[in-house]
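# Inside the fold
Take a look at the letters that make up each chain.
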Amino acid sequence: WRDSNLIHSAVLAALRDTFLQRDLTSSLSTGAAEDAADDDAESRRQDVRQAIADFFKGNPRPAATASPMRYPAALPSATSGARGSNDPRDRFAPPHESPGPTRMDLLPVESVERDALLTSTRGLADRAMQVHRAYLIAETVEGVIIVDQHALHERVLYEQLRAQVSHGPLESQRLLLPETVGASSEQVATLEVYGELLERLGLEISPFGPNAVAIHAAPTLLREERMVAFVRDLIDKLAAGPVEPDSEAMLEELLQMMACKAAVKAGDALSPEEVEALLAKRETVERSSNCPHGRPTTLRLTLHDLERQFKRT
């Protein structure tokens with residue numbers, strides 16, 4: 001252990017490489033044989049051992065790339081007809097204007113990437129559906145997947161926010177009229193200490209009397225009602241205990257909190273286009289199998305498991 005940093009780097013690189021090459025989507029167990037699970041676990045351990053050996057031999061494996069989900073031919077659509085006045089996208093359009101970006105497009109995406117997503121997922125809405133306004137069910141070659149819409153959107157937004165904040169402050173917009181949030185004099189004083197951190201988050205907040213603060217600018221992805229809720233939680237978080245003003249750990253926590261506030265919620269109705277966009281974005285983030293808090297975003301039910309349950313095997 002003369003060079004502990006080398007050991008640490010080797011193990012970290014091997015684990016990351018191995019996990020990125022694995023589909024970590026949780027399987028919905030229906031009583032599959034335990035020996036198959038044991039074989040798979042041993043296979044994963046062998047992959048890690050081999051990756052570490054390759055590292056010390058100077059033959060690192062090539063960078064892993066996410067393999068796209070494979071969908072079969074389209075099934076008959078569960079929806080038909082033109083969109084009515086209750087289309088969910090209309091809620092996100094400015095007054096007197098045509099509907100703008102949906103909730104899945106709250107952060108900018110390069111046009112080339114957008115075209116590729118639309119091409120690779122065209123017609124996906126015909127093979128996916130929302131149930132109980134909380135979960136998305138989509139057919140895959142292996143069976144079906146069940147997606148928690150909030151958890152997945154939270155992961156997508158968090159990864160986009162992390163990428164954006166690494167290059168500068170989050171994109172923000174000024175409010176026509178400042179929003180006020182109640183705060184104690186101690187909390188107001190605490191916020192003044194974290195001016196640089198707030199700027200990185202795209203927030204402009206100033207004292208508004210002895211027991212309130214005014215929000216003058218906020219990140220573009222936070223709608224007004226969620227922006228106020230986020231600022232309230234942020235004030236409580238920063239006032240809870242001593243934190244270094246430039247703490248990267250605190251920045252990560254606040255980004256997670258922001259992604260959670262901005263993501264679609266259980267109970268939000270999604271249009272077929274939004275379902276399609278969200279499932280497409282699942283393929284663009286590395287850790288799409290879990291939300292930033294560790295909850296699974298997706299469960300897989302294989303065709304074999306379905307056949308076992310219906311006594312077809």
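As a starting point, this report considers the structure included with it. Nothing here was measured: the structure is a model prediction, and the numbers come from that model. (Residues numbered from 1 in each chain as written. Predicted model: local features only at pLDDT ≥ 70, side-chain atom pairs only at ≥ 80, totals over all residues. Heavy atoms only, no water.)

### Details of the overall build of the protein
A tally of helices and strands in the protein yields 10 helices and 8 strands. The 313 residues of the protein split such that 36% are buried. Within the protein, contacts between residues separated by at least 24 positions form 76% of all contacts whose residues are at least 6 apart in sequence. Just so you have it, the protein exposes about 18,200 Å², and 54% of that area is on carbon and sulfur atoms. (Helix = DSSP H or I, 4+ residues; strand = E, 2+ residues; numbered from the N terminus. Buried < 20%, exposed > 50% of the residue type's maximum accessible area, 1.4 Å probe, protein only. Contact = heavy atoms within 4.5 Å. Areas by Shrake-Rupley, 256 points an atom, 1.4 Å probe, with all protein chains shown as cover.)

### Quick word on the pattern of salt bridges
For the structure on display, the rule yields 12 salt bridges. With a closest N to O distance of 2.5 Å, Glu159 and Arg155 form a salt bridge. Taken together, the residues Glu159 and Arg155, both in helix 4 (residues 149-165) and 4 residues apart, mark about one turn of the helix. For the pair Glu159 and Arg155, one class covers both residues: buried. Across the pair Arg174 and Glu204 runs a salt bridge whose closest N-O atoms are separated by 2.5 Å. A residue pair is termed long-range when its members are at least 10 positions apart, and Arg174 in strand 5 (residues 172-182) and Glu204 in strand 6 (residues 204-207) qualify at 30 residues. Judged by relative accessible area, which is 55%, Arg174 ranks as exposed. By sharing partners, the salt bridges in this structure join Arg155, Glu159, Arg162, Glu252, Glu286 and Arg287 into a single network. (Salt bridge = Lys/Arg side-chain N within 4 Å of Asp/Glu carboxyl O.)

### A short note on helix 8 (residues 248-262)
In a regular helix each residue adds 1.5 Å, so 15 residues correspond to 21 Å; helix 8 covers 21 Å between its end C-alpha atoms and thus fits that length. Of the positions making up helix 8, those classed as buried are Met250, Leu251, Leu254, Leu255, Gln256, Met257, Met258, Ala259 and Ala262. Tucked inside the fold, the buried residues of helix 8 contact helix 4, helix 6 (195-200), strand 7 (212-219) and helix 7 (224-239). (Expected span 1.5 Å × (residues − 1).)

### Notes on helix 9 (residues 272-281)
In terms of burial, helix 9 is largely enclosed, as 8 of its 10 residues are buried. Along helix 9, the positions that sit buried rather than exposed are Glu274, Val275, Glu276, Ala277, Leu278, Leu279, Ala280 and Lys281.

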